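# Breakdown of the fold
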Amino acid sequence: MRKTRTVLAVMLLLIFIPGTVWAAGITDDIEAYTGTKNITVQHALGAKASALAMEKLHFNKGDENVLAMTNAGCAVIGGQTTEKCVDGLAAVSGCTIGNSNLLLVQRAKNMPLWFAFFNKATNEMLYLEANNTVLNKYPTDLETLASEKIFTVIAEENIELNGLLTNNEAWNAKISSKVFGGNEFSLIGIAQIWSNPNCTYDFLRAAQFHNHICPGVNSGYLIIKYLDKHLPLQAGQSYKIIACPSWCKDDAFQVILDATVGKKGMYVKALTGDQLAMLPGSAKNVAGLFIRWNEQTATGDGLVLGFDFDKANELAGTSNMTGPFVKIKTALSMMDYVDRPEIMVSTIKQFKISSASELEALQAAGVDPLVRLGVVENGE
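These remarks concern the structure in this document. Numbering of residues starts from 1 in every chain and runs along the sequence as written. Local features in a predicted model are, by the rule used here, given only for residues with pLDDT of at least 70; side-chain atom pairs are given and counted only at 80 or more, and totals for whole chains, interfaces and linings are based on all residues. Excluded from the side-chain calculations are hydrogens and water; all other atoms, namely the structure's heavy atoms, are used.

### Quick notes on the side chain of histidine 210
- For histidine 210, the position within the fold is in helix 8 (residues 201–210).
- A 3.5 Å cut-off defines polar contacts: any pair of N or O atoms within that distance qualifies, except that in protein one atom must be a possible hydrogen donor and the other a possible acceptor, and neighbouring residues in sequence count only when both atoms are side-chain atoms. Within the local environment of histidine 210, its side chain forms a polar contact with the side chain of histidine 212, the two groups lying 3.2 Å apart.
- When residues no more than four places from it in sequence are discounted, the contact partners of histidine 210 are Val217, Cys248 and Asp251. Secondary structure is summarised from DSSP: a helix means a run of H or I of at least four residues, a strand means a run of E of at least two, and numbering begins at the N terminus for each. Whether two residues are in contact is decided by their heavy atoms: any pair within 4.5 Å suffices.

The structure is reproduced here in structure tokens:
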């Protein structure tokens, strides 16, 4: 009987000690990272996501080959924001904003809370979608709770680019089934661009805000590089942008140039089908008006710029390709030309603004700025 009791005691120790050691180590990591002993269930959830990712993707803390992404901080659950999950994630995985391998992806507040990890050494991605009910528990409850109870979706896929491009049928099925919770294009694209040696953190900021990469947001980055060379800012100047027409590019301007709608750095105007049809051949690729504005003198120099997506597809070799990830291939190729934006970006017209009223006239509702500048000869 004594022997039986001893065996049972040892078995119980084997069951509970690993969990206790894990919890203690995790807690220490979080306390060291945050500088506080006030560990919340959100901290524990982010930490649990990292621990599971380290187990499944086979990496150690601080591995520079690993990217972590989450919408924590955007998601609001039960009236509570979720930003503390980020600290738990970073404390355990070693992925940080300063190391450019922790990205906070913009999402609407009502979207599910998720975590994603990508190991570029193996091309494996792990997606975890949180079970909202765990946020009502105590941090210690997550120590022994099974991963399947903490996360409603646990999905791992290989996202090597050639495999993505050649297995259209299989990936269309995975996208339909929402293998990554409906975030497939978003997470795969950001992971691919993060792995690109030409990718810089300012672009990643735009990708986070736009919540995916595509030729559209990449075109905005190339236009910024063109402005750096052909309409650079000097002291006391800022850009005033009239996005006409608007597309994904405009999110890059808001993030990188701080040309936001709310601060009147950007005005957005759509072009109807009839207006687009009236554009002359030289302006078929029009991307908008970009004005270097001096607030003190109320004067500015402007460019009407165009962007050639046909050229982007030609350079990427995607003109005749189909499939769910072709746009990612094009976007990746466009990063090869950040030092040569002129290959795809062009000046359609140069102009000058001599007063604040002239600028306001271009920005005003009901005004087609392309007509006003003479890019389109007849707006009737």
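So that's the structure; there's more coming.
### Some details on the nonpolar core
- Core analysis: the largest hydrophobic core is formed by 60 residues, its most contacted members being Met69, Met125, Ile188, Phe203 and Ile223.
- In terms of residue count, the dominant contributor to this core is helix 9 (residues 215–230) (7 residues).
- Once you skip the residues sitting within four places of it in the chain, isoleucine 188 turns out to touch Met125, Ile159, Leu164, Trp171, Phe180, Phe325 and Ile328. Throughout, nonpolar core names a set of buried Ala, Val, Leu, Ile, Met, Phe, Trp, Tyr and Cys residues whose side chains join them through atoms within 4.5 Å. Here's how the labels work: a residue is buried when its accessible area is under 20% of the maximum for its type, exposed when over 50%, partly exposed in between, all with a 1.4 Å probe on protein chains only.

### Section: the sheet that holds strand 8 (residues 237–243)
- For two strands to be treated as a pair, DSSP must find at least two bridges joining them. An order of 9-8-10-11-12 is seen for the 5 strands of this open sheet, with the pairing classed as mixed. Two strands bound the open sheet, and with one partner strand each, they are strand 9 (266–268) and strand 12 (345–353). Averaged over all pairs of adjacent strands, the angle between their axes in this sheet comes to 20 degrees, without regard to strand direction. Fitted lines through C-alpha atoms give the axes, limited to the stretch in contact for helices. The angle between two N-to-C directions lies from 0 to 180 degrees.

### Observations concerning unusual backbone geometry
- In this model, cysteine 244 is joined to proline 245 through a cis peptide bond whose omega is 5 degrees.
- On the secondary structure map, proline 245 appears in the loop between strand 8 and helix 10 (249–256).
- At serine 100, a position not held by glycine, the phi torsion is positive, near 60 degrees.
- Within the element layout of this structure, serine 100 appears in the loop between helix 3 (84–93) and strand 4 (102–104).
- When its relative accessible area of 24% is taken as the criterion, serine 100 is described as partly exposed.

### Notes on the pairing of strand 11 (residues 299–307)
- The element strand 11 is extensively covered by neighbouring structure, given that 7 of its 9 residues are classed as buried.
- The turn linking strand 10 (residues 286–294) back onto strand 11 is made up of 4 residues, and alanine 298 within it adopts a positive phi angle of 55 degrees.
- Direction of pairing for strand 11 relative to strand 12: antiparallel, over a ladder of 8 bridges. Of the residues in strand 12, the one forming a bridge with leucine 303 is glutamine 350.

Any link to function would need more than the numbers given here.
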